[in-house]
Amino acid sequence: MAKIIVVTSGKGGVGKTTSSAAIGTGLALKGYKTAIIDFDIGLRNLDLIMGCERRVVYDFVNVINGEANLNQALIKDKRVEKLFILPASQTRDKDALTRDGVEKVLNEMKESFDYIICDSPAGIEAGAMMALYFADEAIVTTNPEVSSVRDSDRILGILQSKSQRAEQGLAPVKEHLLLTRYNPTRVENGEMLSVEDVQDILAIDLLGVIPESTAVLNASNSGQPVVLDSESDAGQAYSDAISRLLGEVIDFRFLAVEKKGLLKRIFGG
């Protein structure tokens, strides 16, 4: 039976789709059959990040409406075995997602997948609420700034009160904190919240800290999940986060300002 994981946040632009792509890809690399679903009806960015936008024929809404079956709509990734993408519709309204329709699709997917990653839109509108409703686990994605953290706190409240698990009195949605665009120098200069600050406010387990990195933008522009860039700090940080999600104990990296050695100080770099 698949585990449903929602990647969510209160604020837009914090890296949810980048994180959904990286985490889904990383799980598939570890041998788990994984699907990533784009819940951002009307916008649709996941297929761009995954580099499969030209292969979209049918989408999530087509499957819900019975205009295509799941097999027709799922796009198999060309790089990673066991990885599939279910794109959102660019032409429909967000109200096209119905609870019964989403549940039917998820139940069908549960029969053949190990992990289903739900890439949520920002905020608390219909698509976002639908993405988190059926979640078993939630990766709350935030930047280290006050407004982003405050909005994430709101999302935690919704997960604890409006998810299916909350409604049915089941074990609560397991919550993880993913801190993105972290810059230790700016933290040291007082321009950004520290990891400890964010943890104090949100009080959930830290899954990963993704450093601010040009590798993320480069990966997005080239349609490559950044986790495939194993040489980059961001790719390594996502890989660590995926291992922690699977229960491994791994030390956190990229939290401190890198100290330049003598040669670097003399010759630069």
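Our structure's up above, just so we're on the same page.
Remember, it's a predicted structure, so these values are computed and weren't measured experimentally.

Visitor: Now, about the overall build of the chain: what can you tell me, with residues and values included?
Guide: What the chain contains, in helices and strands, is 13 helices and eight strands. In terms of C-alpha radius of gyration, the chain reaches 18 Å, essentially the compact-globule figure of 18 Å for 269 residues. Referenced to the eigenvectors of the C-alpha coordinate spread, the extents of the chain come out at roughly 65 × 40 × 35 Å. Looking at the 269 residues of the chain, the share that counts as buried comes to 52%. Carbon and sulfur atoms make up 47% of the accessible area of the chain, which amounts to about 12500 Å² in all.

Visitor: Go over unusual backbone geometry with me, naming the residues and quoting the values.
Guide: For Arg-181, which is not a glycine, the phi torsion comes out positive at approximately 55°. With respect to the element layout, Arg-181 can be found in strand 7 (residues 174-182). In this structure Arg-181 comes out as partly exposed when scored by relative accessible area, which is 42%. Even without being a glycine, Phe-254 presents a positive backbone phi close to 65°.

Visitor: Explain the pattern of salt bridges residue by residue, including any values.
Guide: In this structure the tally under the stated criterion is eleven salt bridges. The partner of Arg-79 in a salt bridge is Asp-77, with the nearest N and O atoms 2.7 Å apart. The buried category is assigned to Asp-77, whose relative accessible area is 5%. Of the charged contacts, one joins Arg-165 and Asp-136 as a salt bridge, the two residues approaching to 3.0 Å between their closest N and O atoms. Note that Arg-165 is positioned in helix 8 (residues 164-167) and Asp-136 in the loop between helix 6 (126-133) and strand 6 (137-142), a separation of 29 residues in sequence.

Visitor: Got a sec to walk through the side chain of Asp-240? Specific residues and values, please.
Guide: By the element assignment, Asp-240 lies in helix 12 (residues 233-245). The residues touching Asp-240, leaving out its near neighbours within four places in the chain, are Ile-250, Asp-251 and Arg-253.

Visitor: Quick rundown of the layout of surface pockets? Include the residues and the values.
Guide: Empty space among the atoms becomes apparent when a probe as large as a water molecule is rolled across them. Each pocket or cavity is described by its volume, and for the largest pocket that value is around 490 Å³. Around the largest pocket, the lining is made up of 27 residues, and of these Gly-15, Lys-16, Thr-17, Thr-18 and Arg-181 lie nearest the centre. Where the lining of the largest pocket is concerned, the elements lending two or more residues are helix 1 (16-29), helix 2 (46-49), strand 7, strand 8 (205-211) and helix 11 (214-221). For the lining of the largest pocket, the per-class residue count stands at eleven nonpolar, ten polar and six charged. For the second largest pocket, the calculated volume is near 230 Å³. Its residues assigned to classes, the lining of the second largest pocket shows six nonpolar, two polar and three charged.

Visitor: Tell me about the sheet that holds strand 2 (residues 34-38), and name the residues and values.
Guide: Read from one edge of the open sheet, eight strands run 3-4-2-5-1-6-7-8, paired in mixed fashion. Of all the strands in the sheet, the pair left with one neighbour each is strand 3 (75-76) and strand 8. Alignment of strand 3 against strand 4 (residues 83-86), held across two bridges, turns out to be antiparallel. Each bridged residue has a counterpart across the sheet, and for Ile-75 the counterpart in strand 4 is Ile-85. Where helix 1 meets the sheet, its contacts fall on strand 1 (3-8), strand 2, strand 4, strand 5 (115-119), strand 6 and strand 7, and the angle it forms with strand 5 comes to roughly 170°.

Visitor: Explain the pairing of strand 7 to me, using residue names and the numbers behind them.
Guide: Regular strands show a simple pattern: their side chains alternate between the two faces of the sheet. The buried count for strand 7 comes to seven of nine residues, which makes it a mostly enclosed element. Relative to strand 7, strand 6 runs parallel, the two being bridged by six bridges. Its bridge partner lying in strand 7, Thr-142 is registered against Leu-179. Examined bridge by bridge, strand 7 and strand 8 share five bridges and lie parallel to one another. Along strand 8, the bridge assignment pairs Leu-179 with Val-209.

Visitor: Hey, could you go over the environment of Ala-88 for me, with residue numbers and the actual values?
Guide: Secondary-structure assignment places Ala-88 in the loop between strand 4 and helix 5 (99-110). Each C-alpha atom, one on Ala-88 and one on Phe-39, is 6.0 Å from the other, the two residues being 49 residues apart in sequence. In contact with Ala-88, not counting residues within four places along its chain, are Asp-38, Asp-40, Ile-41, Arg-44 and Asp-59.

Rules and cut-offs
Residues numbered from 1 in each chain as written. Predicted model: local features only at pLDDT ≥ 70, side-chain atom pairs only at ≥ 80, totals over all residues. Heavy atoms only, no water. Helix = DSSP H or I, 4+ residues; strand = E, 2+ residues; numbered from the N terminus. Rg over C-alpha atoms; globule rule 2.2 N^0.38 Å. Buried < 20%, exposed > 50% of the residue type's maximum accessible area, 1.4 Å probe, protein only. Areas by Shrake-Rupley, 256 points an atom, 1.4 Å probe, with all protein chains shown as cover. Salt bridge = Lys/Arg side-chain N within 4 Å of Asp/Glu carboxyl O. Contact = heavy atoms within 4.5 Å. 1 Å grid on protein atoms, 1.4 Å probe; cavity = no way out; pocket = protein on both sides within 12 Å on 5 of 7 lines; lining within 4 Å. Points joined across faces, edges and corners; volume = space filled by probe spheres on them. Nonpolar A, V, L, I, M, F, W, Y, C, P; charged D, E, K, R; others polar. Pairing = 2+ DSSP bridges. Axes fitted to C-alpha atoms, helices over the stretch in contact; angles between N-to-C directions.

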